[in-house]
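# Descriptive structure summary
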Amino acid sequence: MPIQLYNNLHRRLETFEPADPERVTLYVCGPTVYNYVHIGNARPPVVFGVLARLLRRRYGNLRYARNITDVDDKINAAAIEQGVPISVITERFSRAYAEDMAALGVEPPDLVPHATAHIGEILRMCERLIQSGHAYVAEQHVLFAVDSFPDYGKLSRRSTDEMLAGARVEVAPYKRSPGDFVLWKPSTPELPGWDSPWGRGRPGWHIECSAMCEAHLGDTIDIHAGGVDLQFPHHENEIAQSTCAHGGKVFARFWLHNGMLNMDGRKMSKSLGNVFRVHDLIDKYPPEALRYALLSAHYRQPLDWSEQLIEQSIRTLDRLYGTLRELDDISVSQSERTVPAAFEAALNDDLNTPQALAALAQIAGSARQAQSAVERHAGKAALLGAGELIGLLQQDPEVWFCRGLANASVDAEAIEKLLEERRLAKLRRDFGRADMLRQQLKDQGVEIEDGANGTRWKLAGAGNVNQH
RNA sequence: GGCCGGGUGGCAGAGUGGUCAUGCAGCGGCCUGCAAAGCCGCGUACGUCGGUUCGAUUCCGGUCCCGGCCUCCA
């Protein structure tokens, strides 16, 4: 079954065929590391990370790059404010980003190129663009001439005239055309900078992605992905630079854009200040529930973020892990894991994660009802295999149900002691005493279940159990 | 203003020209000392107005509302 992807370049669903099946290339725009990222920033790495797993499963040899932007005016501002070199800021927050993404079950990409490690490539690309007449030098800036690229605006479907009509920003006087954008700009002595033929300076925002794609993935890549808010100008400009730097070769064959996360109906964005930082959320809620929540809507749709969404996700995972716990006695090796056709078909259909999660619920349902050892084994194999592909259900169920125990106010020994006391009370049919003990545990946030093989317990409620 | 996307049951959220999404919550039942979990069952959802059609939530047009981008943005 082919993988169908909605190619935003053509605004239609297309069958994905890599240019070279031996070497599939994927580039996702990564963060600017000047602060902790918010949960909206986590959507691309999570959803396109699932795409990476899907591609890797099918083609084996995937080269997946997700950059780190470590030179930028916001980083400069943060460094000046805190009185430290920019490297202190960028190292701190690129590490935090890696940790936050790992917590959300995002596998590291194959390549994590940093902009500052590619200044040479950036300068060479600038020179090539100048030589070929697609860029010019003005007041120590290197600017891309949008008029030199007839396809400019093709991705975002807008003409340069339209952009002019709606322009919100004053046009710098040295631009030949208002749509021209900066490839290289001068730095003052206190700002980070590198020597260049046009004086000491630093790269513009868009050129780094073009330079890093070229350096690591080649002139033409299979898939380029990122947030829909990057479609213009960032991705439009990348296309212009790369295409012109490569003599007209196609830059990216597929363009995928994820929708925005909303807070109270408005886009979650740092400039609006309505953000939840991943760093804080993973302290407060089980990270896997955050991942589930991010995958619960189709990636192209907007997703309303709310506490209720997280709690709903926790309860859904409770049920799925409950099924796995019922299958505790079954052992499934890595090679025995399976990916049911309906589940994979959903992901192949433009990464339809809600449908895939619906299929996962069905898989769990039949696994729960399986009677024979063979069926139960197949159920668990499917649950783990499908879960692995989408990055869920890979924990030990007991770990899931005891979420946050290490930080919570309860301790396991005390719980076990009360449970033993309750067991004895039940043996002598002192149910009043037994119910009292259950209530006592419940007051501590511990819920218990009596089963054939004794009593088990879990931490109840949503995420706040993990709060310190 | 220009370009683009969206309005589905209490909530989240897929999908389809004519029996079922799915999950969460709720209700009833089974099970249970009681619970919980699990199982079974239940609720006549597709913004609005027209059109096409034997039949439209699904196609077409109008309209209302919401959101995104228009050089900070995932």
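Preceding this paragraph is the structure being described.
Conventions adopted
Residues numbered from 1 in each chain as written. Chains lettered and ligands numbered in written order. Predicted model: local features only at pLDDT ≥ 70, side-chain atom pairs only at ≥ 80, totals over all residues. Heavy atoms only, no water. Near = heavy atom within 4 Å. Polar contact = N/O pair within 3.5 Å; in protein donor to acceptor, adjacent residues only side chain to side chain. Helix = DSSP H or I, 4+ residues; strand = E, 2+ residues; numbered from the N terminus. Nonpolar A, V, L, I, M, F, W, Y, C, P; charged D, E, K, R; others polar. Axes fitted to C-alpha atoms, helices over the stretch in contact; angles between N-to-C directions. Parallel < 35°, antiparallel > 145°, perpendicular 65-115°, else oblique. Contact = heavy atoms within 4.5 Å. Expected span 1.5 Å × (residues − 1). Buried < 20%, exposed > 50% of the residue type's maximum accessible area, 1.4 Å probe, protein only. Phe/Tyr/Trp six-rings, centres within 6.5 Å; stacked < 30°, edge-to-face > 60°. Lys NZ or Arg CZ within 6 Å of the ring centre and 35° of its normal. Arc of directions from axis to C-beta. Pairing = 2+ DSSP bridges. Salt bridge = Lys/Arg side-chain N within 4 Å of Asp/Glu carboxyl O.

## Description of the protein's contact with RNA strand B
RNA strand B sits among 60 residues. The nearest are Trp205, Gly227, Leu230, Met268 and Arg438. Of all RNA strand B atoms lying within 4 Å of any protein atom, the proportion belonging to sugar or phosphate reaches 67%. Taking Arg266, its side chain carries an N or O atom lying 3.5 Å from a phosphate oxygen of RNA strand B. Tallying contributions element by element places helix H12 (residues 353–369) first for the surface near RNA strand B, with seven residues. Considered class by class, the residues forming the surface near RNA strand B number 18 nonpolar, 23 polar and 19 charged.

## Some points on the packing of helix H9 (residues 287–295) against helix H10 (residues 307–326)
It is at 8 Å that the axes of H9 and H10 come closest, and there the two elements cross at 105°. Between H9 and H10, the angle is such that the two are roughly perpendicular. Here Glu288, Ala289, Leu290, Tyr292 and Ala293 of H9 come into contact with H10, specifically with Leu309, Ile310, Ser313, Ile314, Thr316, Leu317, Leu320 and Tyr321. Its residues assigned to classes, the contact of H9 with H10 comprises 10 nonpolar, two polar and one charged.

## Some words on H12
With 17 residues, H12 ought to run about 24 Å at 1.5 Å a step, and its terminal C-alpha atoms sit 24 Å apart, in line with that. Along H12, the residues classified as buried are Thr353, Ala356, Leu357, Ala359, Leu360, Ile363, Ala364, Gly365 and Ala367. Residues of H12 that are buried in the fold lie against H9, H10, helix H11 (341–348) and helix H13 (373–390). The distance from a side-chain oxygen at the start of H12 to the backbone nitrogen of Gln355 is 3.2 Å, and the residue carrying that oxygen is Asn352.

## Remarks on the packing of aromatic side chains
One pass over the structure, following the stated rule, counts nine aromatic pairs. Arranged with centres 6.2 Å apart and planes meeting at 80°, the rings of Phe16 and Tyr59 form a pair that is edge-to-face. Placement of the pair is Phe16 in strand E2 (residues 12–16) and Tyr59 in helix H1 (residues 43–59), with a sequence separation of 43 residues. An angle of 55° between the planes, with centres 6.0 Å apart, marks the rings of Phe251 and Trp255 as tilted. Sitting over the face of the ring of Phe232, Arg158 holds its NZ or CZ atom 4.4 Å from the ring centroid.

## Concerning unusual backbone geometry
In this structure, Pro233 follows Phe232 across a cis peptide bond, with omega equal to 0°. With respect to the helices and strands, Pro233 occurs in helix H7 (residues 231–245). Positioned with a positive phi, Gln140 is a non-glycine residue whose angle comes to about 70°. One non-glycine residue, Arg429, lies in the positive phi region at around 55°. Take Arg429: it is sitting in the loop between helix H15 (412–427) and helix H16 (431–443).

## Topic: helix H2 (residues 73–82)
Side chains that are three or four residues apart share a direction in an α-helix, a result of its 3.6 residues per turn. When H2 is considered as a whole, its buried residues turn out to be Ile75, Asn76, Ala78 and Ala79. The arc enclosing the buried residues of H2, seen along the axis, measures out at 165°, which places them on a common side. Away from the buried face of H2 by more than 90 degrees, exposed residues Ile80 and Glu81 are located. Packing partners of the buried residues in H2 comprise helix H3 (86–103) and strand E8 (201–203). Near the N-terminus of H2, the side chain that reaches the backbone nitrogen of Lys74, with its oxygen 2.6 Å away, is that of Asp72. Positive phi shows up at Gly83, right after H2, with a value of about 65°.

## Here's the deal with the sheet that holds strand E9 (residues 221–227)
Read from one edge to the other, the open sheet built from four strands follows the order E4-E3-E9-E10, with strand pairing classed as parallel. Each having just a single partner strand, strand E4 (62–66) and strand E10 (252–258) make up the two edges of the open sheet. Pairs of neighbouring strands in the sheet enclose a mean axial angle of 15°, with direction left out of account. In terms of strand pairing, E9 meets E10 through six bridges, oriented parallel. Within E10, the residue paired with Ala225 across the bridge is Leu256. The strands touched by H7 within the sheet are E9 and E10, with E9 carrying the most contacts at an inclination of about 160°.

## Some words on the environment of Gly49
Structurally, Gly49 can be placed in helix H1. Overall, the relative accessible area of 13% leaves Gly49 in the buried class. Taking the C-alpha atoms as reference points, Gly49 and Gly391, separated by 342 residues in sequence, lie 9.0 Å from one another. Gly49 has contacts with Pro44 and Tyr64, leaving out every residue within four places of it along the chain.

## Let's talk about the sheet that holds strand E7 (residues 181–186)
With respect to topology, four strands assemble into an open sheet ordered E5-E6-E7-E8, the strand pairing being antiparallel. Taken across any chain shown, the strands that pair with only one partner, and hence form the sheet edges, are strand E5 (135–138) and E8. Neighbour-to-neighbour, the strand axes of this sheet turn through a mean angle of 20°, independent of strand direction. Pairing between E7 and E8: three bridges, direction antiparallel. Considered in E8, the bridge of Lys185 is made with Arg202.

## A closer look at the pairing of E5
Two elements, E5 and strand E6 (residues 141–144), share four bridges in a ladder whose sense is antiparallel. By the bridge assignment, Ala135 is partnered in E6 with Phe144. In this structure, the hairpin formed by E5 and E6 is closed by a connection of two residues, where Glu139 is found at a positive phi of approximately 50°.

## Section: the pattern of salt bridges
Overall, the coordinates contain 24 salt bridges when judged by the stated rule. The partner of Asp73 in a salt bridge is Arg202, with the nearest N and O atoms 2.7 Å apart. Of this pair, Asp73 sits in helix H2 while Arg202 is found in strand E8, placing the two residues 129 residues apart along the sequence. Assessed through its relative accessible area of 8%, Arg202 is described here as buried. A network of salt bridges, in which partner residues are shared, links Arg325, Glu326, Glu449 and Arg456.

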